[in-house]
Amino acid sequence: MKKLLLFLFLCPLLAIGQQKTSDEDQIKAVILKTFSAMKSVDSVALKSCFTEKAVLQISQIRPEGNIVREVPIANFVKNVMTRKAGDMDERVLSWGPILVDHEIATAWVPYEFYLNGKFTHKGVDAFILVKVGEEFKIQTLLYNMQK
């Protein structure tokens, strides 16, 4: 009887852990899909990673101070489509924290970026994701660039 009670107590906890892992895996997958779509110049796959009203922002330190530029997702996709397959290669250096609360999530992803096979910069991608239907999509991508 004690084993049955322990089992009944642990089942919900195991399910919560499995859901979190599944969400984290799905979040990592959409981020990797974004990078892969950039590298392969696949506009359909790239657009599918973002919500309809997604925001892309770039934080840059300039002599006059920090500025944040906003780039419409449509412009970002157009820019990627001007490249040849393999020109853009964004690589995950490590997975920082991924935090999930029901339908929203954040992911901190240090990266390196290569253009035409040459290292150009590194930085951190800070993703805010939202669950649309059964999958997470990127709502906001804020990143910085360092040499």
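Quick notes on the rules
- Residues numbered from 1 in each chain as written.
- Predicted model: local features only at pLDDT ≥ 70, side-chain atom pairs only at ≥ 80, totals over all residues.
- Heavy atoms only, no water.
- Helix = DSSP H or I, 4+ residues; strand = E, 2+ residues; numbered from the N terminus.
- Contact = heavy atoms within 4.5 Å.
- Areas by Shrake-Rupley, 256 points an atom, 1.4 Å probe, with all protein chains shown as cover.
- pLDDT = per-residue confidence, 0-100.
- Core = buried A, V, L, I, M, F, W, Y, C linked by side-chain atoms within 4.5 Å.
- Buried < 20%, exposed > 50% of the residue type's maximum accessible area, 1.4 Å probe, protein only.
- Polar contact = N/O pair within 3.5 Å; in protein donor to acceptor, adjacent residues only side chain to side chain.
- Salt bridge = Lys/Arg side-chain N within 4 Å of Asp/Glu carboxyl O.

Student: What is the right way to read the overall build of the chain from this model?
Tutor: When you go through the chain residue by residue, the secondary structure sums to 3 helices and 7 strands. Along the chain, helices and strands appear, N-terminal first, in the series α-α-β-β-α-β-β-β-β-β. Sequence-distant contacts in the chain: of pairs separated by 6 or more residues, those separated by 24 or more amount to 50%. Summing over all exposed atoms, the chain offers an accessible surface of approximately 9300 Å²; the carbon and sulfur share of this is 60%.

Student: Looking at this structure, how should I read the confidence of the model for the chain?
Tutor: Interpretation of the predicted coordinates at a detailed level should be avoided for regions scoring low in pLDDT. Of all residues in the chain, 86% have pLDDT values of 70 or greater, and the mean over the chain is 90. Scored below 50 in pLDDT, residues 13-18 makes 0 contacts in the model with residues more than four places away or belonging to other chains.

Student: Teacher, can you tell me more about the nonpolar core here?
Tutor: Soluble globular proteins tend to bury their nonpolar side chains together. Among the nonpolar cores identified, the biggest contains 31 residues, and Phe76, Phe127 and Leu129 are the most heavily contacted of them. When contributions to this core are tallied by element, the ones reaching two or more residues are α1 (2-40), α2 (43-48), β1 (50-62), α3 (73-81), β5 (104-115), β6 (118-132) and β7 (135-144). Considering every element that reaches this core, the biggest residue donor is α1, with 6 residues. When near neighbours in sequence (up to four residues on either side) are disregarded, Leu129 contacts Ile27, Val30, Glu103, Ile104, Ala105, Thr106, Ala107, Phe136, Lys137, Ile138 and Gln139.

Student: Explain the environment of Val44 here, please?
Tutor: Summarising the element assignment, Val44 is placed in helix α2. The spacing of Val44 and Val77 is 33 residues in sequence and 9.5 Å in space, taken between C-alpha atoms.

Student: I tried to follow the side chain of Gln60 on my own but got confused; where do I start?
Tutor: Along the chain, the position of Gln60 falls in strand β1. For Gln60, a relative accessible area of 15% puts it in the buried group. There is a polar contact of 3.0 Å between the side chain of Gln60 and the side chain of Arg62. A distance of 3.3 Å separates polar atoms of two side chains, one belonging to Gln60 and the other to Arg69.

Student: Got a minute to help me understand the pattern of salt bridges in this structure?
Tutor: Where side chains of opposite charge bring their charged atoms close, a pairing between them can arise. Scanning the model with the defined rule gives 4 salt bridges in all. Between Lys137 and Glu135 there is a salt bridge; the shortest N-O distance is 3.5 Å. If you follow the salt bridges from partner to partner, you end up with Lys39, Asp89 and Arg91 in one network.

Student: Honestly, unusual backbone geometry in this entry has me stumped. Any pointers?
Tutor: Backbone phi values are negative for most residues with the exception of glycine, while trans is the configuration of most peptide bonds. Look at His102: it is not a glycine, yet its phi comes out positive at around 55°. The residue His102 is located in the loop between β4 (98-101) and β5 in this model. Note on His102: relative accessible area 65%, which makes it exposed. The phi torsion at Asn116 lies on the positive side, around 55°, for a residue other than glycine. Secondary-structure assignment places Asn116 in the loop between β5 and β6.

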